[in-house]
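# Notes for the structure review
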Amino acid sequence: MTDKIGWKAALAGSAALLALAGSAGTAEAQDNWCVSGQAAYQARDYAAAREAFTACLEGGDIAAAQLPDAHHRRGRSHMKLGDHAAALADFDRAVARDETHAQVLNSRAWTLLLMELPEDALPDAEAAKALAPDDARIADSYAHVLSALGRETAARQAFDAALELQTREQIVKFQEHLRAAGYDPGPSDGVAGPGTRAAIAACVRERCIIWK
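Residues numbered from 1 in each chain as written. Predicted model: local features only at pLDDT ≥ 70, side-chain atom pairs only at ≥ 80, totals over all residues. Heavy atoms only, no water.

### Focus: the overall build of the protein
Here is the rule: Per the convention used, a helix needs a DSSP run of H or I reaching at least four residues, while a strand needs a run of E reaching at least two, with both numbered from the N terminus. Each residue is placed in one exposure class: buried if its accessible area under a 1.4 Å probe, protein chains only, is under 20% of its type's maximum, exposed if it is over 50%, and partly exposed if it falls in between. Whether two residues are in contact is decided by their heavy atoms, any of which lying within 4.5 Å being enough.
The helix and strand tally for the protein stands at 11 helices and 0 strands. Of all 212 residues assigned to the protein, the portion counted as buried reaches 46%. For the protein, the share of sequence-separated contacts (at least 6 apart) that also reach a separation of at least 24 residues comes to 50%.

This is the structure in structure tokens:
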């Protein structure tokens, strides 16, 4: 369970540091906001994460090289909270600064997919896959986009490729997500056997989205 009180306390501590820093110590306080945002995100307190990343970005002293990641993280927080328009705006800002950031392109593809715009998601999914061909999450995203587009054969092949990149633990989680979505893969054993592949085939036929 997320310790929201704990993360709010962490954010309050960062706020105090920011107030005390003044013009001389703003950059250090800025780092504290970024760290608090990441901690809150990992604890799934996405509202607190969004607040912290906003403070991190709006303070004005974050290094230019860190801006793509900070926009990506705030965008992911927006995304988890269902604010797709705000998420896209942050991902666009991140891509404008680093068009080779595979994770940002992947997140933007997923946001567009959740907005039922798979045609718009495909270029980002393809670009992310080209930049990070061995990334299991990106491979999975690409398969989902193909599925949403109704490209059944290509989608099944892409899911097969994604499974080859996943760890046993990742496959277990995927099996559990399939089951929760109504597609029975058999036991959650981390083995992509016939049951898992049949569940994926059924999912693809219905253009399902296994959003985690």
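Picking up where we left off.
### Brief notes about unusual backbone geometry
Backbone geometry at R44 places phi at a positive 65°, although glycine is not the residue there. In this structure, R44 sits in the loop between α2 (26–42) and α3 (46–58).

### Brief notes about the pattern of salt bridges
The criterion, for reference: A side-chain nitrogen of Lys or Arg and a carboxyl oxygen of Asp or Glu constitute a salt bridge if their distance falls within 4 Å.
If you walk through the whole model with that rule in mind, you get 8 salt bridges. For D90, the salt bridge is made with R74, and the minimal N-O distance between the two is 2.7 Å. Note that D90 is positioned in helix α5 (residues 84–97) and R74 in helix α4 (residues 67–80), a separation of 16 residues in sequence. Exposure class is identical for D90 and R74. Each is buried. Ionic pairing is found between D184 and R179, a salt bridge with its closest N-O pair at 3.9 Å. The class of D184 is exposed, set by a relative accessible area of 59%. Judged by its relative accessible area of 35%, R179 is partly exposed. Look at the salt bridges and you will find they share partners, linking R74, D90 and R93 into a network.

### Describing the confidence of the model for the protein
Quick reminder of the rule: For every residue, the predictor reports its confidence as pLDDT, a number between 0 and 100.
Of the residues in the protein, 84% have a pLDDT of 70 or more, and the chain-wide mean is 87. Mean pLDDT across the secondary structure elements of the protein bottoms out at helix α1 (residues 4–21), with 39, and peaks at helix α7 (residues 118–131), with 98. Confidence drops under pLDDT 50 across residues 1–27; counting only partners more than four residues distant or on other chains, this segment forms 29 contacts.

### Quick word on the side chain of S77
This is how it is decided: Whenever two N or O atoms come within 3.5 Å, that pair is a polar contact, provided that in protein one can donate a hydrogen and the other can accept it, and provided that, for residues adjacent in sequence, both atoms are side-chain atoms.
You can see S77 is positioned in helix α4. The exposure class assigned to S77 is buried, which follows from its relative accessible area of 0%. Separated by 3.1 Å, the side chain of S77 and the backbone oxygen of R73 make a polar contact.

### Observations concerning the state of the cysteines
This is how the line gets drawn: Throughout, a disulfide means two cysteine sulfur atoms within 2.5 Å of one another.
Considering all chains together, one arrives at 2 disulfides under this definition. Across a sulfur-sulfur distance of 1.8 Å, C34 and C56 are joined as a disulfide pair. With C34 in helix α2 and C56 in helix α3, the pair connects residues that are 22 residues apart, well separated along the chain. The disulfide partner of C203 is C208, and the gap between their sulfur atoms is 1.6 Å. Assigned by exposure class, C203 and C208 land together as buried.

### Considerations on the packing of helix α6 (residues 102–114) against helix α8 (residues 136–148)
Condition: Axis definition: a line fitted to C-alpha atoms, over the contacting stretch in the case of helices. Angles run 0 to 180 degrees between N-to-C directions. Roughly parallel means an angle under 35 degrees; roughly antiparallel means over 145; roughly perpendicular covers 65 to 115; every other angle is labelled oblique. In this scheme the crossing of two helices becomes right-handed for a clockwise turn of the near helix relative to the far one and left-handed for an anticlockwise turn of less than a right angle. Classification used: nonpolar for Ala, Val, Leu, Ile, Met, Phe, Trp, Tyr, Cys and Pro, charged for Asp, Glu, Lys and Arg, polar for all others including Gly.
One can describe the packing of α6 onto α8 by two numbers: an axis separation of 10 Å at closest approach and a directional angle of 30°. Regarding the angle of α6 to α8, the classification is roughly parallel. You can see that α6 and α8 cross each other, and the crossing is left-handed. In this structure, α6 uses A102, Q103, N106, W110 and L113 to contact α8, whose residues at the interface are R137, I138, D140, S141, H144, V145 and A148. Its residues placed into classes, the contact of α6 with α8 shows 6 nonpolar, 4 polar and 2 charged.

### So, the packing of α4 against α6
Running from N to C, α4 and α6 cross one another at 25°; their axes reach a closest spacing of 10 Å. The pairing of α4 with α6 is recorded here as roughly parallel in orientation. You can see that α4 and α6 cross each other, and the crossing is left-handed. Contacts between α4 and α6 involve P68, H72, R76 and M79 from the first element and Q103, V104, S107, W110, T111 and L114 from the second. By residue class, the composition of the contact of α4 with α6 is 5 nonpolar, 4 polar and 1 charged.

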